Amino acid sequence: MQHRGRTRTTPQRGLVPLTAGAGGLLAVLMGLVFLMLVLAIQDAQHSLLSARSGRPALDQIGVVQGTVLDMEGGQRSYVITRQDEFLKPWQAARTAFPAQARRLVDVSTSPAQRQLAEQIQRSGQSFVDDYSVPLVAEARRGDPDASSTARTLEGRQRLDALRTQFSRYIHDERLAISKRETALEARMRMLTIAASVGVGAAVLLIVAYGAYVSRVIVWPVRRMARFATRLAAGDMSARVPPTGRREIGQLETAFNTMAGSLEKSHRRLRLLYDAGTALGNTLDVGRTADELVRVAVPRFADFVTVDLEESVLHGGEPTAAETVLRRVARGGVRDDSPLDPTGALIAVDPPPAATRRTVTGPALVADLRVTRRATFPDARRTEQLLDYGMRSLITVPLSAQGVLMGVIVFWRTRDSPPFEKDDLSDAQELAAKSATAIDNARRYTRERETALALQRSLLPHVMPDCPSVDFAYRYLPTGTRAGVGGDWLDVIPLSGTRMALVIGDVVGHGIEASATMGRLRTAVRTLADVDLPPDELLTHLDDLVLHLDDGAGEQAGEVGSTCLYAVYDPISQHCSLASAGHPLPFVITPQGAVEPAPGEAGPPLGLGGLPFETTDLDLAEGATLALFSNGLVHSRHLDLGHGLDRLRRALVTSAGKGEPLEAACDRVVAALRTGEPADDVTLLLARTRALPGDQVAAWEILADPEHVARARTLTTDQLAAWKLDELSFTTELVVSELVTNAVRYGGPPIQLRLIRDTRTLICEVSDGSSTAPHLRRARVFDEGGRGLLLVAQLTRRWGTRQTAAGKTIWCEQALPAPDASTRPQGSVDWSRE
């Protein structure tokens, strides 16, 4: 975070006064220009009017002159002709002359002209009064003087005098008009020049004002708009160069401040967004803490440490009672910080004014040098931090449901600006997101550990010692957040040294899948004790799944489950198997060839009403069966067919070489497993053995009580051959009871078979009856009913199984001196998860 201070600038006049002043000056100058234009126009108009005023005078002098001539012509014509019609024009001219002469005086444009007009008026009036009227009167009287030469010369003289005055008036008026027109032309030229200058000055002033406004306002505003567009487009680095002054400078400063604030807000939102998307993706407490460190460094802090309670790391509830915390994450801009490393135990240092059991907000130490004594009582530790460059820190508690889980500490060195109060909200938001993600990871860890514990308790821990097969297996629970799946496997000893190999997969994850898996495994073991064929066992298991309730009102079949059940007989080296929706196993011959088992997988368990088919295999000694779950060969990134091909190649290079099955399991899993499995991975390798013929003895017994003794003899002789004389008495008694029951209650053919393996002696009596015997307690006076009770007491275990020809009753006795080692064949290696 950068500090921003206010720069004190010299007060300057604002743009409003300057713009108003410039506009006022422009208005004054424009007013002066237009005033000059108006005055020039008025002067030109006056000159024009003055020039035009001479025209009426000329017109009027012509009218007056015409009137005088009309009057003179009329009187002369009357004097000569003595006809009265010539008096009419004379009378009209004489009458109009005074008014016309008066008008001439009025329209005269100068005093001289007016004076001349007055002379014309007087002369004309004198002509009328003193000559024309008396002349006409004389002519009317018939006076001969009216026609005399003297009167005619007098008239001519008077008329010539008027003509001279008319000519003078016209000449002077024309000369005045010419002068006024010349002056008007000069004024119009001056007006044109003044108008051009005024217009040019106005245009220049307008251009100057526009340039001033553009430079001072428009260009800066356009620059601001360009940078604002960049800022709106997401360019947080957009800044306006501080070149303006006054309001523009203030606007630039405000824009840069706003851009800086937006950039800070964008960085904050981006930090919180990245934290929201990065935290909680793995549901692992340690990885979640590391994700927080990667998000916060270096964008928010130079160094970050995350300390949690030990119980939280293992999925337990936080107690807020521990005095030390475990450091689960540490990171920073450098690797040589004096902060304690990951895994160290950190003494609890509550934030200032907080206690360990209370959840408070973040605590800010702006300057470690000032508050070092109150924050870190250890002076030596404080000096190390200060020498390294630590300057400020924020301590934020991590809480879940109001209880402290741990603490996060954000550090900044002297190379970065110290923390401020505004940073507390960001630190608290990061801590809140981290606390939620860590609490979810803690709960997931607890649920996963619970599911794993349940699954461990349900899966076999120690496999039985099997003389008929060597086997090894691997179970890897899924590493995804979905939880532990429902895969299981089992090896079940059956009667007659036979072995049942079981592998299954319950669809789903979590505790429910583990519980359903446990139920199905128990059901398979129960049904296996009945010694049912594989197809019948799956039929019963399918019917059981249809009615199996998972405790939530839902049937397990709705979730879905698969199962593969195989039975191997080391005496006949025959294997029969059936599948309920599970992939069929691979068969690896002793020579290393790998082929899929023939047959078809039946429907998954829980559909009901669909049959299952049994596949029969004859296996050579040393052949290996590879049973596996879908998690090994199929995932989102691995097609099932491709996965099966990879498994076949891995089996060729591993189990096919005759190497130990434990190493073969490791090789196969390592070859097919890429990263954390998306589903449980289960693999069971079983290498067959063949029981030698000299360890099996079988005889046909006739259905006659007399042949019971023969059966006892055959038994004792065989035990003597096997050097098991210690078991002769017990075995003879057991054989006698079983053969007697077969003769009495069963039917032919009756067969007696003795099997000796490395640990047990097995006695089997078969007959043609399918009626199964029942163990019951005989009364005191009953003569029979004690045979099976005697067999059960004398042997380790006994049972019966149905065959195609009837039934077989069997019992087992422990050998006094086992030939093979008592080492357990295998146990679940949970460290390989």
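Owing to the predicted nature of the structure, the values given are computational and were not obtained by experimental measurement.

Definitions and cut-offs
- Residues numbered from 1 in each chain as written.
- Predicted model: local features only at pLDDT ≥ 70, side-chain atom pairs only at ≥ 80, totals over all residues.
- Heavy atoms only, no water.
- Helix = DSSP H or I, 4+ residues; strand = E, 2+ residues; numbered from the N terminus.
- Buried < 20%, exposed > 50% of the residue type's maximum accessible area, 1.4 Å probe, protein only.
- Contact = heavy atoms within 4.5 Å.
- Areas by Shrake-Rupley, 256 points an atom, 1.4 Å probe, with all protein chains shown as cover.
- Pairing = 2+ DSSP bridges.
- Axes fitted to C-alpha atoms, helices over the stretch in contact; angles between N-to-C directions.
- Expected span 1.5 Å × (residues − 1).
- Bend = angle between axes of the 7 residues up to and from the residue.
- Salt bridge = Lys/Arg side-chain N within 4 Å of Asp/Glu carboxyl O.
- Phe/Tyr/Trp six-rings, centres within 6.5 Å; stacked < 30°, edge-to-face > 60°.
- Lys NZ or Arg CZ within 6 Å of the ring centre and 35° of its normal.
- Core = buried A, V, L, I, M, F, W, Y, C linked by side-chain atoms within 4.5 Å.
- Parallel < 35°, antiparallel > 145°, perpendicular 65-115°, else oblique.
- Left-handed = near helix turned anticlockwise from the far one by under 90°.
- Nonpolar A, V, L, I, M, F, W, Y, C, P; charged D, E, K, R; others polar.
- Arc of directions from axis to C-beta.

Colleague: Which parts of the structure should I look at to understand the overall build of the chain?
Modeller: Check the secondary structure of the chain and you find 19 helices and 23 strands. For the chain, buried positions account for 44% of its 833 residues. Contacts spanning at least 24 positions in sequence make up 69% of the contacts within the chain whose residues lie at least 6 apart. With the model as given, the accessible surface of the chain reaches about 41,800 Å², and the carbon-plus-sulfur share is 55%.

Colleague: Would you mind going over the sheet that holds strand E22 (residues 807-814) with me for this structure?
Modeller: As a general point, the strands of a sheet are linked pairwise by backbone hydrogen bonds and lie either parallel or antiparallel. With antiparallel pairing, the five strands of this open sheet are ordered in space as E18-E19-E20-E22-E21. Bordering the open sheet on either side are strand E18 (696-701) and strand E21 (797-802), each of which pairs with just one other strand. Strand-to-strand twist in this sheet, taken as the mean axis angle between neighbours without regard to direction, amounts to 15 degrees. Pairing analysis gives six bridges linking strand E19 (residues 750-756) to strand E20 (residues 760-767), with the strands arranged antiparallel. Bridging across to E20, glutamine 751 finds its partner in serine 766. The sheet strands contacting helix H17 (residues 708-721) are E18, E19 and E20, and the helix crosses E18 at an angle near 165 degrees.

Colleague: How do you make sense of helix H3 (residues 111-141) when you look at a structure like this?
Modeller: One turn of the α-helix equals 3.6 residues, which is why residues spaced by three or four share an orientation. Relative to the 45 Å expected for 31 residues at 1.5 Å per residue, H3 spans 43 Å between its end C-alpha atoms, a close match to the ideal helical length. The largest bend in H3 amounts to roughly 35 degrees and is located at valine 128.

Colleague: Looking at this model, I keep getting lost on the pairing of strand E1 (residues 303-308). Mind explaining?
Modeller: Looking along a regular strand, one sees the side chains alternate between the two faces of the sheet. The buried fraction of E1 amounts to six of the six residues, a majority that puts the element mostly inside the structure. In this structure, E1 lies alongside strand E6 (residues 403-413), joined through six bridges in antiparallel fashion. Within E6, the position partnered with phenylalanine 303 by the bridge is tryptophan 411.

Colleague: How should the pattern of salt bridges be read in this particular structure?
Modeller: Side chains bearing opposite charge may pair, as long as their charged atoms lie close to each other. One pass over the structure, following the stated rule, counts 20 salt bridges. Taking the shortest distance from any N to any O, the salt bridge between aspartate 336 and arginine 334 comes out at 4.0 Å. Here arginine 334 falls in the partly exposed class, since its relative accessible area comes to 37%. For aspartate 490, the salt bridge goes to arginine 525, with nearest N and O atoms at 2.8 Å. Residue aspartate 490 is located in strand E9 (residues 485-493), and its partner arginine 525 is located in helix H11 (residues 511-529); the two are separated by 35 residues in the primary sequence.

Colleague: Just checking my understanding: could you explain the packing of aromatic side chains for this structure?
Modeller: Each aromatic ring pair is summarised here by two numbers: the centre-to-centre distance and the angle between the ring planes. Per the counting criterion, the structure on display carries five aromatic pairs. Here phenylalanine 127 and tyrosine 131 contribute two aromatic rings whose centre-to-centre distance is 5.4 Å and whose plane-to-plane angle is 35 degrees, an arrangement assigned as tilted. On the criterion of helical spacing, the pair formed by phenylalanine 127 and tyrosine 131 is a turn pair, its members being four residues apart in helix H3. Note on phenylalanine 127: relative accessible area 0%, which makes it buried. Taking 5.8 Å as the distance between ring centres and 25 degrees as the angle between the ring planes, the aromatic pair formed by phenylalanine 586 and phenylalanine 628 counts as stacked. Remark: phenylalanine 628 occurs in strand E16 (residues 624-628) and phenylalanine 586 occurs in strand E13 (residues 586-588); sequence separation between them is 42 residues. Of the aromatic side chains, those joined through ring pairs into one cluster are Phe300, Phe410 and Phe419. Over the ring of phenylalanine 300 we find arginine 412; its NZ or CZ atom is 5.7 Å from the centre of that ring.

Colleague: Any chance you could explain the nonpolar core here in plain terms?
Modeller: Counting residues in each nonpolar core, the largest one holds 35 residues, and the members touching the most others are Phe300, Val304, Val306, Leu398 and Phe410. Residue assignment for this core shows that the elements contributing at least two residues are helix H5 (246-278), helix H6 (285-296), E1, strand E2 (324-332), strand E5 (390-400), E6 and helix H10 (422-458). When residues of this core are assigned to their parent elements, the largest contribution, eight residues, is made by H10.

Colleague: Just checking my understanding: could you explain unusual backbone geometry for this structure?
Modeller: Most peptide bonds take the trans form, and the phi angle of most residues other than glycine is negative. The peptide bond linking valine 297 to proline 298 adopts the cis configuration, its omega dihedral lying at 0 degrees. As for its placement among the helices and strands, proline 298 is situated in the loop between H6 and E1. Put simply, proline 748 and proline 749 share a cis peptide bond, and its omega is -5 degrees. Following the sequence through the fold, proline 749 ends up in the loop between helix H18 (728-745) and E19. Positioned with a positive phi, glutamine 573 is a non-glycine residue whose angle comes to about 55 degrees.

Colleague: I tried to follow the sheet that holds strand E8 (residues 469-476) on my own but got confused; where do I start?
Modeller: The strand order across the open sheet built from five strands is E8-E17-E16-E13-E14, with neighbouring strands paired in antiparallel fashion. The open sheet terminates on both sides in strands that have one partner only, identified here as E8 and strand E14 (594-596). If you compare each strand with its neighbour and ignore which way they point, the axes differ by 20 degrees on average. Bridge count for E8 against strand E17 (residues 681-688) is eight bridges, and the pairing is antiparallel. Pairing of tyrosine 475 across the sheet is with threonine 682, part of E17.

Colleague: It is not clear to me how the packing of helix H2 (residues 87-107) against H3 should be interpreted in this structure. Could you clarify?
Modeller: One can describe the packing of H2 onto H3 by two numbers: an axis separation of 9 Å at closest approach and a directional angle of 165 degrees. As the angle between them shows, H2 and H3 are arranged roughly antiparallel. As H2 packs across H3, the resulting crossing turns out to be left-handed. The residues of H3 that touch H2, namely those facing Leu87, Trp90, Arg94, Phe97, Pro98, Ala101, Arg102, Leu104 and Val105, are Arg114, Ala117, Glu118, Ile120, Gln121, Gly124, Gln125, Val128, Ser132, Val133, Val136 and Arg140. Classifying every residue of the contact of H2 with H3 by side-chain character gives 12 nonpolar, four polar and five charged.

Colleague: It is not clear to me how the environment of arginine 521 should be interpreted in this structure. Could you clarify?
Modeller: Tracing the backbone through its elements, the reader meets arginine 521 in helix H11. Its relative accessible area of 13% is what places arginine 521 among the buried residues. Spatially, the C-alpha atom of arginine 521 lies 7.9 Å from that of aspartate 490, the residues being 31 residues apart in sequence.

Colleague: In this structure, what is going on with helix H16 (residues 661-672)? I would like to understand it.
Modeller: Taking 1.5 Å as the rise per residue, H16 with 12 residues should run 16 Å; its terminal C-alpha atoms sit 16 Å apart, in good agreement. Every buried residue of H16 is listed here: Leu661, Ala664, Cys665, Val668, Val669 and Leu672. For H16, the arc enclosing every buried residue in end-on projection is 125 degrees, short of the 170-degree limit, so these residues lie on one face. Tucked inside the fold, the buried residues of H16 contact E8, E16, helix H14 (630-633), helix H15 (640-653) and E17.

Colleague: What is the right way to look at the environment of lysine 421 in this model?
Modeller: Along the chain, lysine 421 falls in the loop between E6 and H10. You can call lysine 421 exposed: its relative accessible area is 69%. The spatial distance from the C-alpha of lysine 421 to the C-alpha of alanine 366 is 8.6 Å, given a sequence separation of 55 residues.

Colleague: Please explain the side chain of threonine 808 as it appears in this structure.
Modeller: Its place among the elements puts threonine 808 in strand E22. Threonine 808 sits in the buried class, given a relative accessible area of 3%. Leave out the neighbours within four places in its chain, and threonine 808 touches Glu764, Val765, Ser766, Gly799, Thr800, Arg801 and Thr803.

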